[in-house]
Amino acid sequence: MRLRDYLDADWRRLFEFAKQPAPRRSTLSAFSPRFAPVVLIRVAQRCHAKGFRRLAKIFSFLNFLIFGLEVPARLQIGPGLVVPHTVGTILGAGHIGENVTIYQQVTLGAKLADFEYDVAQRPHVEDGALITAGAKVIGPVRIGRGAVVGANAVVLEDVPDYHLAVGVPARISPLPARDDARDLPENPSDIVNHPSA
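A few points on the structure. Numbering of residues starts from 1 in every chain and runs along the sequence as written. Two thresholds apply to this predicted model, a pLDDT of at least 70 for residue-level local features and 80 or more for giving and counting side-chain atom pairs, whereas whole-chain, interface and lining totals are computed over all residues. Values shown for side chains rest on all heavy atoms present in the structure; no hydrogens or waters enter the calculation.

1. A closer look at the sheet that holds strand S5 (residues 101-102)
Pairing between strands is defined by DSSP: at least two bridges between the two strands are required. Runs of E in the DSSP output that reach at least two residues are strands. Runs of H or I that reach at least four are helices, and both are numbered from the N terminus. In spatial order, the strands read S5-S8-S11-S13-S14; together these five strands make up an open sheet with mixed pairing. In this open sheet, the two edge strands, each paired with only one partner strand, are S5 and strand S14 (171-174). Where S5 and strand S8 (residues 130-131) come together, two bridges link them in parallel fashion. Residue isoleucine 102 lies in a different strand from S8, and its bridge partner there is isoleucine 131.

What follows is the structure, given as structure tokens:
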């Protein structure tokens, strides 16, 4: 995908997340506080992919300096990324899929210092996952498609598709099915606070 395509997908999903119609993305959109960090991530990724490694590091450092968000430029992230609040967030994953939402103070990283950035030692986050505030996902674990990691959870093992991980260390249970729960919230981020979860 081109940089423009990634940014368009990220912009549309941000407004889907906010349950608002998405206006047309313009140059000024890059200055929106909810979107600017994602723009810096995408520009750093593109610079890294084109071989401009030092320039990529500058954009990554700007993200850390301005928004408190640490993301390696080499990290592969699918389209539709939403990071509604960024402060204290470290995205040191092996890869992040499409339409993933990550809240503030989340850490995705290896168990030990990994300056070589070995993706086999890092978490892998699949499409549609939701990782809520303060969660820590450590080591070569998989956060499955549509999975939810609750606030402040410490995840040390795989979370299967459409499962919920809560607690320290995280306990894993299936997400309530919409067919089985008439009052289940429409917004996936509300599931972690739902009585049936």
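2. As for the pattern of salt bridges
Every case where a carboxyl oxygen of Asp or Glu lies within 4 Å of a side-chain nitrogen of Lys or Arg is listed as a salt bridge. This model, assessed by the stated rule, comprises six salt bridges. Measuring nitrogen to oxygen at the nearest pair gives 2.7 Å for the salt bridge that ties arginine 25 to aspartate 8. Of the two residues, arginine 25 sits in the loop between helix H1 (3-17) and helix H2 (36-49) while aspartate 8 sits in helix H1, which places them 17 residues apart along the sequence. The class of aspartate 8 is partly exposed, set by a relative accessible area of 25%. A salt bridge links arginine 145 to aspartate 127, with the shortest nitrogen-to-oxygen separation between them at 3.5 Å. Note that arginine 145 is positioned in the loop between strand S10 (142-143) and strand S11 (148-149) and aspartate 127 in the loop between strand S7 (124-125) and S8, a separation of 18 residues in sequence. Shared partners join several salt bridges into a network, and the residues in it are Glu126, Arg142 and Asp161. Each residue is placed in one exposure class: buried if its accessible area under a 1.4 Å probe, protein chains only, is under 20% of its type's maximum, exposed if it is over 50%, and partly exposed if it falls in between.

3. Things to note about the layout of surface pockets
Only protein atoms enter the 1 Å grid used here. Points where a 1.4 Å probe fits but cannot escape make up a cavity, open sets with protein on both sides within 12 Å along at least five of seven lines make up a pocket, and a residue lines them when an atom lies within 4 Å of a point. Grid points are joined across faces, edges and corners, and a volume is the space filled by probe spheres set on the points. As a volume, the largest pocket reaches approximately 720 Å³. Looking at the lining of the largest pocket, the elements that each hand over two or more residues are helix H3 (53-67), strand S1 (69-70), strand S3 (89-91) and strand S6 (107-109). For the lining of the largest pocket, the element with the highest residue contribution is H3, accounting for five residues. Tallied by class, residues from the lining of the largest pocket come to 14 nonpolar, five polar and six charged. As a working rule, the residues Ala, Val, Leu, Ile, Met, Phe, Trp, Tyr, Cys and Pro are called nonpolar, Asp, Glu, Lys and Arg charged, and the rest polar, with Gly in that last group.

4. Examining the nonpolar core
The biggest cluster of nonpolar side chains holds 33 residues, and the ones touching the most others in it are Ile96, Leu108, Ile143 and Val155. Examining the composition of this core, we find that four residues originate from one element, H2, more than from any other. For our purposes a nonpolar core is just a set of buried Ala, Val, Leu, Ile, Met, Phe, Trp, Tyr and Cys residues, chained together by side-chain atoms within 4.5 Å. Counting seven residues, the second largest nonpolar core, distinct from the first, contains Leu7, Leu14, Val39 and Val82.

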